[in-house]
Amino acid sequence: MNVDDLVRDTLREQAAEQPPAGPGFADWVLAVRRRRRNRRLVTVVAAAVAVVAVAVGVPRLDSGKGDVRPSGVVDREKVSGHPSQSPPHELIAAGSTALAAYYIPTTVKKSATETVTERTYWLLDQKTGTYAKAPKWSFVAVAPGMKTAAVLERTLPASRIGLLDLATGEVKRWIQVDHKVGGLSFSADGRKLVATTYTYNPDAQFQPADPNVGEIERPSSRTGFYVLDVASGKGPWGPVAVGDGRRADGRNGQINNRQDFTLTRDGRYVWGGVPSEDTGKLFYDLTGTEVPAPENGDKYLTWFLGAGRSPNGKLVAGDFAGEKWHTSSYVIDSATGAKTEIHGQELLAWADDRTLIAWDIGKRAGTGKSEFHQRLVLVTIGSDKEVPLSGFHKGTDVSAGRWKPVFARR
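Criteria and cut-off values
Residues numbered from 1 in each chain as written. Predicted model: local features only at pLDDT ≥ 70, side-chain atom pairs only at ≥ 80, totals over all residues. Heavy atoms only, no water. pLDDT = per-residue confidence, 0-100. Contact = heavy atoms within 4.5 Å. Pairing = 2+ DSSP bridges. Helix = DSSP H or I, 4+ residues; strand = E, 2+ residues; numbered from the N terminus. Axes fitted to C-alpha atoms, helices over the stretch in contact; angles between N-to-C directions. Buried < 20%, exposed > 50% of the residue type's maximum accessible area, 1.4 Å probe, protein only. Salt bridge = Lys/Arg side-chain N within 4 Å of Asp/Glu carboxyl O.

1. Some details on the confidence of the model for the protein
Phase 1: Overall, the predicted model of the protein reaches an average pLDDT of 80, with 72% of residues at or above 70.
Phase 2: In the predicted structure, residues 244-252 sits below a pLDDT of 50 and forms 17 contacts with residues beyond four places in sequence or in another chain.

2. Considerations on the sheet that holds strand E19 (residues 339-343)
Phase 1: One open sheet holds the three strands; their spatial order is E17-E18-E19, and the pairing between them is antiparallel. Edge positions in the open sheet fall to strand E17 (315-322) and E19, since each of these has one partner strand only. Sheet twist, expressed as the average angle between the axes of neighbouring strands with direction ignored, equals 35°.
Phase 2: Where E17 lies against strand E18 (residues 328-333), five bridges are found, and the strand directions are antiparallel. Within E18, the residue paired with Leu 315 across the bridge is Asp 333.

3. Considering the sheet that holds strand E15 (residues 282-284)
Phase 1: In space, the four strands of this open sheet follow the order E13-E14-E15-E16, with antiparallel pairing throughout. Taken across any chain shown, the strands that pair with only one partner, and hence form the sheet edges, are strand E13 (262-263) and strand E16 (290-291).
Phase 2: In terms of strand pairing, E15 meets E16 through two bridges, oriented antiparallel. Bridge pairing links Phe 283 to Val 291 in E16.

4. Topic: the pairing of strand E7 (residues 158-165)
Phase 1: Taken across its eight residues, E7 has six buried, putting it largely inside the fold.
Phase 2: Pairing of strand E6 (residues 148-153) with E7, which is carried by four bridges, proceeds in the antiparallel orientation. Directly across from Val 151, in E7, lies its bridge partner Gly 162.
Phase 3: With antiparallel pairing between neighbouring strands as the criterion, E6 and E7 make up a hairpin whose turn holds four residues.
Phase 4: Relative to strand E8 (residues 170-186), E7 runs antiparallel, the two sharing seven bridges. Counterpart to Arg 160 in the pairing with E8 is Gln 176.
Phase 5: In this antiparallel pair of consecutive strands, E7 and E8, the connection spans four residues, and Gly 169 shows a positive phi of 80°.

5. Brief notes about the pattern of salt bridges
Phase 1: All chains considered together, the criterion is met by seven salt bridges.
Phase 2: For Lys 299, the salt bridge identified is with Glu 295, shortest N-O distance 3.2 Å.
Phase 3: Lys 299 gets classed as partly exposed once you look at its relative accessible area, which sits at 30%.
Phase 4: When its relative accessible area of 70% is taken as the criterion, Glu 295 is described as exposed.
Phase 5: Each of Asp 203, Arg 258 and Asp 260 takes part in salt bridges that share partners, so that together they form one network.

Here is the structure:
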């Protein structure tokens, strides 16, 4: 292959999935190269790549309509990590997934017997590639594509849902609901929004007046869910009874105070977990009627994990496996149920069909024994390599300042 061909191929590879750089761009770069034939090949190729990188980094001003995502968001193959930052200040992303937001929970005393865990969110500013504080929202769910977020105001449960424009920070539209909402989740395609309904704040905890008695157990106030069409704001409400903690088939049916619903990948059912030792999940049709677990990979979903199924649907992120490599988790074949161990303490989001973002704990002397000394890492099936993406958490799970990630497909 001659030099001209190599430069032309380099340009094509760099611009393959980006907006066109303009007619004659490659010829212009080659003409520059011909005027400087005395330069070495590596210098020419590097210069061509740099020019393309600048060209594709400029946001589109026509069909993008203000979509000014930084290069780390546009380049879906780029891994962007900041191992010295916890919580992160700059973009964290890998493959098709980005850390769209994170929140820090704090405990607020409401009365002598009631406390509430309140979340303060930091949202990704796509113009700067940094995270900005958004204190007015009590709950944030980011839609695939990272242009819109569904938000709830500070007091939960809320009687309306806001659709927030992430480019401007303004609420484009409010959706009024008859049954108050405490949790939100987008469908895989971003067209539907599941809103879990509660009669009381799902983040409230209750203590008796006597501090020696211990925490008061109260039934969950979860009442059901809406499946809303994002474009119209319309959709049915499916009532789901909480029950008395024991199901007719003998399984433990007690749920947590906060146990939000989410849609299955195909949009046919919603599911919400129960902390039981058998299935760990319950499925419902869109009317709120319980149905058997689907005979596909959804039946392997784990109620407390966010990663779910891989982009191609062939694998499911499972739970903690043990200490095969310091820590490890299971990845499950959605067709056969076969389990494979992978690095990581907790699998959070898929970057691609074989790579995940996970929490993992420190391996240095004195820190590896703590399950709370965690950082975000990138792990790959069949690989011993972990790529650090964030700095470590400090303290225990109730220490101040610990942050929790919110991922979205970019």
